[in-house]
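# Structural characterization, general
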Amino acid sequence: MGKIISICNQKGGVGKTTTCVNLSAALGVLEKKVLVIDTDPQANASVSFGFGVENFDNPALQFMDFTSVIRNNIITTNSPNVDLFPFYEDLNFFEKASVSSKFKKALNSNKKSYDFILIDCVPFFKAKNLEILAVSDAVIIPVQCDYYALEGLHKFLKTVRFVQKKLNSNLHIEGFLLTMYDKRVNLSNKVADYVRNCFQDLVFSTIIDRNAKITQAPSLGKSVIEYDATCIGSKCYLNLAIEILANNDVIDEEKELRVIEQEQETVFNSKKLGRTPLSGDDSLYERILNNFSCEYEEEQKSFLNNFDDLINLKKSSVEKIMGTSYKELLGSTWIYKVNKEKVFKKKYLYVYFENDAVTHYAMKWFGS
Ligand code: ADP
Ligand code: MG
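Everything quoted here is computed from the prediction, not taken from an experiment.

Here is what the cut-offs are and how they apply
Residues numbered from 1 in each chain as written. Chains lettered and ligands numbered in written order. Predicted model: local features only at pLDDT ≥ 70, side-chain atom pairs only at ≥ 80, totals over all residues. Heavy atoms only, no water. Helix = DSSP H or I, 4+ residues; strand = E, 2+ residues; numbered from the N terminus. Buried < 20%, exposed > 50% of the residue type's maximum accessible area, 1.4 Å probe, protein only. Contact = heavy atoms within 4.5 Å. Areas by Shrake-Rupley, 256 points an atom, 1.4 Å probe, with all protein chains shown as cover. Near = heavy atom within 4 Å. Polar contact = N/O pair within 3.5 Å; in protein donor to acceptor, adjacent residues only side chain to side chain. Expected span 1.5 Å × (residues − 1). Pairing = 2+ DSSP bridges. Axes fitted to C-alpha atoms, helices over the stretch in contact; angles between N-to-C directions. Core = buried A, V, L, I, M, F, W, Y, C linked by side-chain atoms within 4.5 Å. pLDDT = per-residue confidence, 0-100.

## Observations regarding the overall build of the chain
Along its length, the chain carries 13 helices and ten strands. With 368 residues in all, the chain has 52% of them scored as buried. Excluding contacts between residues fewer than 6 apart, the proportion of contacts in the chain whose partners are at least 24 apart in sequence is 69%. Of the roughly 17700 Å² of accessible surface on the chain, a fraction of 51% belongs to carbon and sulfur atoms.

## Side note on the side chain of Ser48
Mapped onto the fold, Ser48 is located in helix 2 (residues 44-48). Relative accessible area serves as the criterion here: at 8%, Ser48 is assigned to the buried category. If we ignore the near neighbours within four places in the chain, the residues touching Ser48 are Thr17, Val21, Pro218, Gly221, Lys222 and Ser223.

## Overview of the site of ligand 1
Near ligand 1 there are 14 residues, and of these Gly13, Lys16, Thr17, Thr18 and Asp209 occur at the shortest range. Gly15 is positioned with one of its backbone polar atoms (N or O) 3.1 Å from an oxygen atom of ligand 1. Within the backbone of Asn211, one N or O atom sits 2.9 Å away from a nitrogen atom of ligand 1. For ligand 1, whose unbound accessible area comes to 560 Å², protein coverage reaches 79%. Of all elements in the fold, only helix 1 (16-29) and helix 8 (212-216) reach the threshold of two or more residues within the shell around ligand 1.

## With respect to helix 6 (residues 153-167)
Note on helix geometry: an α-helix contains 3.6 residues per turn, so any two residues three or four positions apart are oriented the same way. For helix 6, which comprises 15 residues, the first-to-last C-alpha distance of 20 Å matches the rise-based estimate of 21 Å (1.5 Å per residue) to within 8%. Every buried residue of helix 6 is accounted for by Leu153, Phe156, Leu157, Thr159, Val160, Arg161, Val163 and Gln164.

## Some thoughts on the pairing of strand 6 (residues 138-144)
A regular strand carries its side chains on alternate faces of the sheet. With seven of seven residues buried, strand 6 is to be regarded as a mostly interior element. Residues Ala138, Ile140, Pro142 and Gln144 of strand 6 are buried on one face, and the alternating residues Val139, Ile141 and Val143, pointing to the opposite face, are buried as well. As paired elements, strand 1 (residues 3-7) and strand 6 share three bridges and run parallel to each other. Looking at the pairing, Ile7 lines up with Ile140 of strand 6. With seven bridges connecting them, strand 6 and strand 7 (residues 172-179) associate as parallel partners.

## Some remarks on unusual backbone geometry
Unlike most non-glycine residues, Gln200 shows phi in positive territory, near 45 degrees. Structurally, the position occupied by Gln200 is in the loop between helix 7 (186-199) and helix 8. Residue classification places Gln200 among the partly exposed residues on the basis of a relative accessible area of 48%. Even without being glycine, Asp356 reaches a positive phi, approximately 65 degrees. Mapped onto the secondary structure, Asp356 falls in the loop between strand 9 (345-354) and strand 10 (357-367).

## Looking at the environment of Leu130
Examined against the element boundaries, Leu130 turns out to sit in helix 5 (residues 127-135). Judged by relative accessible area, Leu130 falls into the partly exposed class, the value being 23%. Through-space distance from the C-alpha of Leu130 to that of Val163 is 7.2 Å; in sequence the pair is 33 residues apart.

## Points about the side chain of Ser46
Note that Ser46 resides in helix 2. Polar side-chain contacts of Ser46 include one of 2.6 Å to the side chain of Asp38. With near-sequence residues (within four places) excluded, Ser46 lies in contact with Asp38, Phe51, Leu84, Pro86 and Phe87.

## Describing the sheet that holds strand 7
Backbone hydrogen bonds are what pair the strands of a sheet, in a parallel or an antiparallel way. Strand order in the open sheet made by the seven strands is 3-4-2-5-1-6-7, with mixed pairing throughout. Two strands in the sheet have a free side with no partner beyond their single neighbour: strand 3 (75-76) and strand 7. Where strand 1 and strand 5 (residues 116-120) come together, five bridges link them in parallel fashion. Of the residues in strand 5, the one forming a bridge with Ile4 is Ile117. Contacts from helix 1 reach strand 1, strand 2 (34-38), strand 4 (82-85), strand 5, strand 6 and strand 7, with the element oriented near 165 degrees to strand 5. Seen against the sheet, helix 7 touches strand 6 and strand 7 and runs at an angle of roughly 165 degrees to strand 7.

## A short note on the nonpolar core
Ile141, Phe176, Phe199 and Met322 are the most contacted members of the largest nonpolar core, which has 58 residues in total. It is helix 7 that contributes the most residues to this core, seven residues altogether.

## Notes on the confidence of the model for the chain
Interpreting fine coordinate detail is not advised for predicted regions of low pLDDT. Chain-level statistics for the chain give a pLDDT mean of 77 and a share of 70% at 70 or above. By mean pLDDT, helix 11 (residues 265-271) is the weakest element of the chain at 30, and helix 1 is the strongest at 97.

Printed below as a string of structure tokens:
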């Protein structure tokens, strides 16, 4: 029976689509049957498998039986054992509750044919993502190893909790996945350590390194594994697939253990925090959320006032860490807004370069 895993995070550009495509390819190589469902209007997952939206006729879904629509429009990709249900322009699956329940039924009817169904989600937290979480068994949360990585995550976790309580008590966190990690960059290590500290067992042991082949593969309509099976990006996603398979075997064993050893459950629960559904244990969940928000605010303050790690970095590295806002590519001063929440008093970080390396930085306040 297939497990439905959505790849979700309220932020864009954190590696959701990349993970969906390459994890499914890796699971396929490990002889698991996988269906990828592309729910993003940008259709990046479909394109990454070499299909454009224009390749498909719109099946006028609102008039049709979802179960047969999904079944009849699944296509085989070049990745072994991976099928795709591509994004359709007018596929407003989730606009009406009645439609989402049909979607759930359709997915369930396909569960038997697959070991995993991976759903690529849209970035912003719209009702659509709520519905996707409501039909999922688990969620993978990619976290990019950069400066703003944790922004909004607290709210997202609350939403996961809401879904668990109100819509889908089976939903559990498959894992937080650290993506675009660059061991040469201090900040990458700091973010990775920080996320591990916060979420402990919930973070996959596998980290996805930043790797140029991962970026290049979609333009050829291939997963990174088809593009270059020996590159570091392929190894990372294969390791992730192996870890997920191992964790799921563990979950099965744990379920058995749970039945046999119900009396000893308290010890078991605290030990297996990451790999069991959190729905049964409110206090545990609240503790994670509370610790996370307090610690993160503290940590964020120190990040916000200390950018020493940027000194001597090249422009390309600063761009990777800080993103692209307010910079002039060719200029020697790049400016970033660092406190988003204050409307009237804005704080900016000025980063100064000389010969493509950061010489110093300064914080400036504007507004009343
Ligand atoms: P999302 O789906 O969350 O918006 P994407 O998966 O589209 O994010 O990734 C955003 C960008 O980052 C893409 O250009 C992608 O090629 C690139 N990217 C993602 N993961 C990696 C990685 N591990 N190494 C290098 N580039 C990556
Ligand atoms: Mg995407």
